[in-house]
Structure formats: C-alpha cells, structure tokens
Amino acid sequence: MTRFAVKATLRATNAPTGPLGRTGARMAREAKLDGHGTWIGASVPRKEDGRMLRGSGRFVDDVERYGALHAAFVRSPYGSATVNSIDVAAATGIPGVHHVLTAADLDNPYLLAVLERDEFVPTTMPLLAESEVRHAAEPVAVVLAEDPYAAEDGAEAVEIDFTPRQAVTDLDTAPTGPNVHSGLADNCLVDLTMFDDDRLDGVLADAPLTVEAEFSSARLAALPMEGRGCLAEWDDRDGQVVLHASTQVPHQLRSGIAQALGLPESTVRVIAPDVGGGFGLKCVVGREEVVIAAAAARLRRPVKWVEDRQENLTASFHGHEQHYAVRAAFDTTGRLLGLAADIRCDVGAYSAFPFTCAVEPLMAATELPGAYKVPAYRARGRAIATNKPPTAPYRGVSRPQIVLVMERLMEKAAAALDLDPLEVRRRNLISEGEFPYTGASGITYDEGSYRESLDLAEKTVTEAGWYSERDELRAAGIPAGIGFSCFSERTAYGTPIMAQRRMGMTPGYDTAHVRMDPTGEVIVTTGTCGHGQGHETTFAQIVATRLGVHPDQVRLRQGDTDLAAYGWGTFGSRSIVIGGTSARRAADDVAAQLRRIAAHLLEVDESDVRLMHGAATVRGVPGASLEIAELARTAYFRAHTLPEGSEHGLEARGSADPPGTFSNACHTVLVTADPGTGAVRVRRYLVVEDCGVVINPLVVDGQVRGGVTQGIAAALYERIRYDGDGQPNSATLMDYLAPTASEICPIQITHLETPCPYTEDGAKGMGEGGTIGAPAAVLNAVNDALAHTGVAMDHIPVRPEDVLSSLSRPLATVGGT
Amino acid sequence: MKDVHLISLSVNGNEHELVVESRRTLADMLRHDLGYTGTHLGCEHGICGACTILLDDQPVRACLVFGVQADGCEVRTVEGLADGDQLSDLQQAFSDRHGLQCGFCTPGFLMLAEAYLSEADSSADPESVREAMASNLCRCTGYQGIVEAVCDVARSRHPAGST
Ligand code: FES
Ligand code: FES
C-alpha cells in the first residue's frame, strides 16, 4: 500500500518549511488512511491550534485601527422605568470624550424579529432606549472616546432622569403584573397549542397510571470566554461599513444591520475574525453591534466596542428559564399512552433578531417526545415577557429541559409501577425496525441507535463496577446515585424544517465554494462560521478526501460576507452536515473537472481516473499517473491544450439543505452528595453517542466533553438571578458559578455509528448533545442518591441547600448563614 | 491632565520603555500599547484567568495589576513560549490532547501551567493538576484535554527518579 506519508514529505520540499512539513508527517502517521485516501474518521490535529497556542489568534479586540474611538454604553439602572430626559453636557466635557449618541441622534433605529403567526406578538427592540427602559442594563446612550477608560468616565457622567416603575420578574406574577409592552395582554408574546389530539383527555382519564409533575430550569448565561465585541469602520474605497464582530452568524448580522439602518446589504460587510466561543449567544444580532456600525458609518471613523463581563452577564442575552406542567398516562407495563404539557418560557423583554422569542417554546412543544413513542400528545407553549434581558438560543435550546422532563417521567412511572426504570425506557424508545418513525408532532426520525446506546451504557457501567461503588459509598454513609438519560437530538435544521416556525427570515440551507489554485492548493469558502469547533480542520478533511490532496493543502475561509455566499452561520449543530456537505458537493464537482483534464492528458476514460495521494491515477493502468498540481497548472496556464468547451479554472459551488437528522446518545453519571455541605460531586461520567459518521474523533469528543460540562453546570451550579425589582444579582463570575476543572471529572465516550441518510458523508450534527443529555442524567443521579429521603427533585440547578433540606439538615446548622 | 509615568520592563526578553497612565492595567498595556495581544481578557475582575502572565516568574492576573507596577519587572507572555514556529512541549501537548477549542482561554492556561510545572515534579497526579488548573475558566473543553496535557508534560519534564 502506498503510504501518503511519502507524498506529505515530498510536498514539504516546496511548501513553507518547518511546521507544515512536521504537521503533515504527523498527520499522515495518525490518519486513518485505508488505501482509498480518505481523511474521514482520522484524528487529524487541528489546523487552528498553532496560532491559538502561539497567542497569534486574531480576536476582535486584537484588531486595531488608527484613530479608533472606543465605545461605552450608558445603561438603565432600573428593571422598568420611564426615561424623562438625557443630559450629555457633562459627559461631552470629559477629556478624551468625542461624542455621546442617543436614539434621537441615530434616528431612532430598532430591530424587529418577526414570526408570521397570529399567536405571536412582535416587539420592537430599540437600539438605544427612547422613552422607556424594559430591563436593567438596557442601553440608553453610547459614549465614544479616545480610549476605553475615557469612554467609561464619559458614561458615568451622562445624566438620565428616570421614573422607575414596578418590574415584572417571574413567570408566575407576569400575567397579572404591569405590562412589559403597553397593551400586551397577560405579558404573553406567544401562545400556541400544538398537536392537539382529541383522544388525549380520554387516554389521561382512563389510564391505569397518570403521572403529574412540574419541572423548572433557571435562567442561564451562555458565557463564552470572549464576550461580544465589534470594530466598525467606513471604507470609502468600497463604499461600505466594515464590521469585525465576534459572531456566529456574519450574514444574519449583515441583514440585521441593513434592515435596522435601511441600507442595501452590499454596503455592509461583516467579518468574524477568531471567535472565542458563542454557544448561541452570538447567533442573534446585538443592539450594540448595530449601534457601532451606525456610529462608524456616520462619523466616518473607526469605532470599537468590547463587551465587559458585567455587560455580558447583565446586558447580553440569556436563555433556559422554563417551567413545565406535565401529565403523562402509562399502562401497567410502563408503556406511555399519552402526554399533555403546558410549557412556559421566561423570554425577557424583547424578541431577539432574527429567531424571535418563540424559539424556546416552539422547540419545546414540537420536540418534547424526543426518543420516545408518544401515541397521543398535546403541548401548549408560551413565551412570557418579563423585565429581563431578551433570550437567545443557548446551546441545546429547550432540549436539555424536554429531555429532563421525559427522563424524570420514565423514573416516576417506573417507581409507581415498581418496574426497572431502564426497562420502562426500553419499552418506550423508538427501536430497530421502527425507523423512519413519524411521531405525534409530525417529526420523522431517521435511523438511530436509541436502545443500543442505552444497552451499551448499562453494560459498560455495570462491568466497570459503578453499582458496587455506589453501594459501598452508601454503606459508608455517603449518599450516592447513578442516573441515566436517553435522548435524540434533531440537528442540521434545513429550510423545510425551519419554515415550520414561520420566521420572517427562514434559515436552513448553506453554500460553499471550492477553488483549486494553479499550484494545486485549495481554498474553500463557506457561510458557516466556526468558533472553536475545528471547522478549518474538518472541512479540510472532507474536501481533501474528494480531491485526493492533503488536508494541509486545503484552507477554509469563513466568516466574511464579502467572500462567502449567503449562509446562515454556525448554530443548531448544522455546520458539518449542511456546510460540510455543501463543501463536499462543490469538491466533487472540482474533482470531476480534474478527472476530465487527466483523462484528456492521459488519453483514458474519465471514469477510470482516481484522485488519491496527490495524483490522478488510472484504474488498470499502473504506470499512468499525473500529479494533481500538474493538472491544476494545465487548467490555468495551458488551457489551450484542453478540448474546446472545457470550463476555465477549477472551481465549483455546492449547496445543501437537508430536512434535519437525528443524533442520539445515552448519558450515565455517578454522583455523591456531601452530607455536611450538600454539595453534589460528579464522580464518573459515560457518554455512548451516535452522531453518524465521525469526521474527526478528536473534535467530536471535544464537543461532547465541553457540552457535558455545560450541562453539568446547568444541573448543579449556574443560575442568573434577579430580585423583585429587576436588579441583576449575578453580575460577576463571583456570583455566576461556571464550573472549573475541580467540578468536572473525566468523561468517557463510546461511539456508535448510524450514518445520516441525507448526506453523502453520513455525518450527523453533534455540537449540542452533551449539553442536552447531562442535566437529566445528573438530576436522575441526584434523585437516586437521595432516594432514601423520599424527596423528588424536578428543578435545576439543584443547589446545596436543596440537598441539605432533603437530608433534613437545614443550611443554617452547617454554615450559620 | 493625565497622571502618567515613564516605566521600563522586559517582555519575553524584549526591553520596552513607555509612558503609561497610572490607571492603565498591565493587561491593556501589554495588549494595546506593546502589541502582545495573546494575553486575553475574559472578565477583568480576576476570576477567569484568561489574562494570566508570569511577572518575575510568578503567575498573576494581568487585569488586576497596573502597568506601572510592572516597572523594572520581567514579564513572560504566551508569545514567548514557542521557538519561532516550533511549539514548546506544553503547547504541543495541548494540541495533541485537544486542550483547546476556541483558544480564547488558552494563553492563560498555558502560562498558569508553566508556573505550575516549574514547581511540580513527576508525582503531579491528575487530581493535583485539576486543582491547579481550577484557577482558570474554560468554557469549551470540559478541561479534560488541558489536564491531560499538563500531566503529560509533568511526566516528560520530570521523569520519575530524576529529582
Ligand atoms: S481577565 Fe483577568 S482574570 Fe479574567
Ligand atoms: S477553549 Fe474556548 S474557552 Fe477554553
């Protein structure tokens, strides 16, 4: 077998020396080359790593412009108030302050996210508040100064006269509280009853077992380590405002700016440089980003804004604050007969552009049944407005909660019927022979390994001695428990699925361009926008495999609206399925062009030409071979030698728009609770997951582990709190408890592989699964640990005081606080 | 009138002399006055550790130190770790173990780990590495790759019996 290592070494002679050659050699050693030159499935080291490790990544605050002004926003100190007057005189007198802009100075621009449904109430979100503020930290004015320190000085000197009003801060009091928007009945922005099944009430009335329960989850911050931020400048040559922004969705941001400011899209260019995490926070358009673009366009001077952590926690977007009231009917064998759910989401004061505040209730109502067969179903989903910041689709988007609801229901039914909870799950999971399965909410599930992943997880932890470990801990007086969660996760929502939401802008498809240059190197452009997921590496693996070149020879250009075709960015576990498939299709087209040139030059049949290991070879003709670089040279520099009518150059475009494909997993966790402090500790964690064909195991495992960590955080630590006046109580990382390495244990991962039927590579999305499965597994484990107390917990996060009170040891006796 | 000071310091062996406002943080000075943008700011209140650098060999939060306090000091930042394009053993271990995703927290972890490794010996077990790395926050990786990378380097820099 020819080893690609030889090619990689040869290549290094005309490539920049040093790291590339070394990386290439290492890659070839590690790559799972099977003789067909595929890079799919290889743990190729990430192309992103070198610059990040050297400190030469380029994040938005690393981009400097001569003469840039720095912005500081003046924000509301009240949860709800009338703005009577704004006095900027003192602020403009501060040394270094150049401008103070209010809504009136910018002609009162706003963002409007729309859903074309009667049950939806749109909310106009002013970029800068005009006569009212609807949540604490809402921006009212912006100070532009020579440096960020002077801008802060200026912001402190802006005098705003407010008349505070009673704020609405929780789901229960919102319906009877003051209206967040004038005339908004019950403070309800969305109220949808879906999949109403006539039989359901009868099923619930007649069932041998009906389980009624309520579940809730706290408000969370996505908390990327890099906050939001942007640098806008006017480019007089191109007649554009150019915005560098820390975003997941450059094109959507461009559309938002264009719509809010009434500009043609071609006069706005958005560039996402390296982005320090997003997790959904950066897949919506921030008011600040549009204000900065507007200011730079007006002043014809660069303007930079870098969000600080306090703004990130109090003034950006939150998510995840939900309440479920559920009734479920079971037969005596534990089979689910019917399910009714009343879902309320606290969405804050406005709809974020473009997804709207309906994203959480719609997702929850549509996908609640999850991996289980629910014969009769009804869900009411509501979005309730409060005087808190608006919500963005945080990683997982309602699926952490709906999985938690279903997994707790399985446990409760098993307990009531005295059955093994895993057996109850098995009786309800969609299983082999039933795929493709269409559920009560009309969703069609492509094939998965729902039962297999549960069986394997149970076997693995049993053989690894988790149950005996739990029992030994219990014998030593330490509450210990094991929890499971089973789920499937729709990923890669294409336009057909997104269209069901009826958004004003329907996301879904994506487009890639693949271009080989005259030296045989490849550039791929995509509308997806990776921000830590390793797309530069995984897209290169996909394209290199099709073109028979090395991934080192493939460069991904992303995050630039002037370079890439309109694309929807990176969110919803879509990029490798939709963006990757687009790139593959374009690459297949370029591969066909290469094969045609090779066939002509070698005088063989096109269908006999193979592209592999950097060369075109001919099936059945051992000596016939041409370097791919030679084919590229011919295409560009010796086009006259090609048959008449040949395409010029080597490039193609590909698109993909799949209907959505389901990954699945089973999570298992062993926890202990400290009887003295009530602290829950995660001791062992196993994920058996199936995301179809894995492109790069290193990257996939990293996504799973990071996701699980965020899910554990939601289950045990994180909570954005507001007091009754709408004042934020989680404004620093001292108050918002993101887990450190000490709170997280090693996470073991096993892969199953059920390929996606809609794409050529068979990969399914998997960016959110870790976050989705972990809260339910952890909560079940905590309940198992506390089973002897008779207390059932159905909320997250579970706090130490909750554990202590269920152990009948009030916190006061422990810490005196 | 701004309250400014003339200071000198060395960063990764390069000597710098500059005028800096007294209230300017060391992090802002390194990033925006001297161009060492590898030092990142994740919270500016001393919790996340993204801004961790070595000040006279001690790990410090550059967001909690004023630039003027570094007068006459030796600073090491992430930019000083690699030898040209050649990554250090620690940097290479981070890549091999997938100890980074978005890379924003990475410079802080590398500098924290450098400080830890300068004191650790081969007995550095995963639990003590975890505890040391708990000084900083990472939102992407779940810490496993970071802990494994630091353990690897602890072992290779301090082979058992060498100390
Ligand atoms: S930026 Fe210094 S500790 Fe977070
Ligand atoms: S790699 Fe993104 S925060 Fe650590």
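Rules and cut-offs
Residues numbered from 1 in each chain as written. Chains lettered and ligands numbered in written order. Predicted model: local features only at pLDDT ≥ 70, side-chain atom pairs only at ≥ 80, totals over all residues. Heavy atoms only, no water. Pairing = 2+ DSSP bridges. Helix = DSSP H or I, 4+ residues; strand = E, 2+ residues; numbered from the N terminus. Axes fitted to C-alpha atoms, helices over the stretch in contact; angles between N-to-C directions. Domains from an automatic or database assignment. Contact = heavy atoms within 4.5 Å. Buried area = accessible area lost by both parts, 1.4 Å probe. pLDDT = per-residue confidence, 0-100.

All names here are of chain A. Spatially, 3 strands are ordered β26-β27-β28 in an open sheet, and the strand pairing comes out antiparallel. At either end of the open sheet lies a strand with only one pairing partner, and these are β26 (609–612) and β28 (621–627). Averaged over neighbouring strand pairs, the angle between their axes works out to 30° when direction is ignored. Where β26 and strand β27 (residues 615–618) come together, 4 bridges link them in antiparallel fashion. In the sheet register, Val609 faces β27, and the bridge partner there is Val618.

Residue and element names in this part refer to chain B. Its domain assignment divides chain B into domain 1 (4–80) and domain 2 (89–157). Measuring from the centre of the C-alpha atoms in domain 1 to the corresponding centre in domain 2 gives 22 Å. Listed by partner, the interface residues are 16 residues for domain 1 and 13 residues for domain 2. Regarding the contact of domain 1 and domain 2, the summed buried area is about 1100 Å², with carbon and sulfur atoms giving 64% of it.

Attention now moves to the side chain of Arg24 of chain B. For Arg24 of chain B, the location among the structural elements is in the loop between β2 (14–21) and α1 (26–33). Residues contacting Arg24 of chain B, with those up to four places away along its chain left out, are Tyr149 of chain A together with Met29, His32, Asp33, Phe66 and Gly67 of chain B.

Moving on, we come to unusual backbone geometry. Residues and elements named next belong to chain A. A cis amide bond, omega 0°, links Phe353 with the succeeding residue Pro354. Relative to the assigned elements, Pro354 resides in the loop between β18 (336–348) and α10 (359–367). For the bond running from Phe435 to Pro436, omega is -10°, close enough to zero to count as cis. The topology assignment puts Pro436 in the loop between α12 (421–428) and β20 (437–438). The residue His613 is not glycine, and still its phi comes out positive at about 50°. By the secondary structure assignment, His613 is in the loop between β26 and β27.

Residues and elements named next belong to chain A. In the predicted model, chain A carries a mean pLDDT of 93, and the fraction of residues at 70 or more is 94%. Every residue in residues 1–34 scores below 50 in pLDDT, and together they form 50 contacts with partners more than four places removed in sequence or on other chains. Low confidence marks residues 810–817, where pLDDT is under 50. Its contacts with residues over four positions away, or in another chain, come to 9 contacts.

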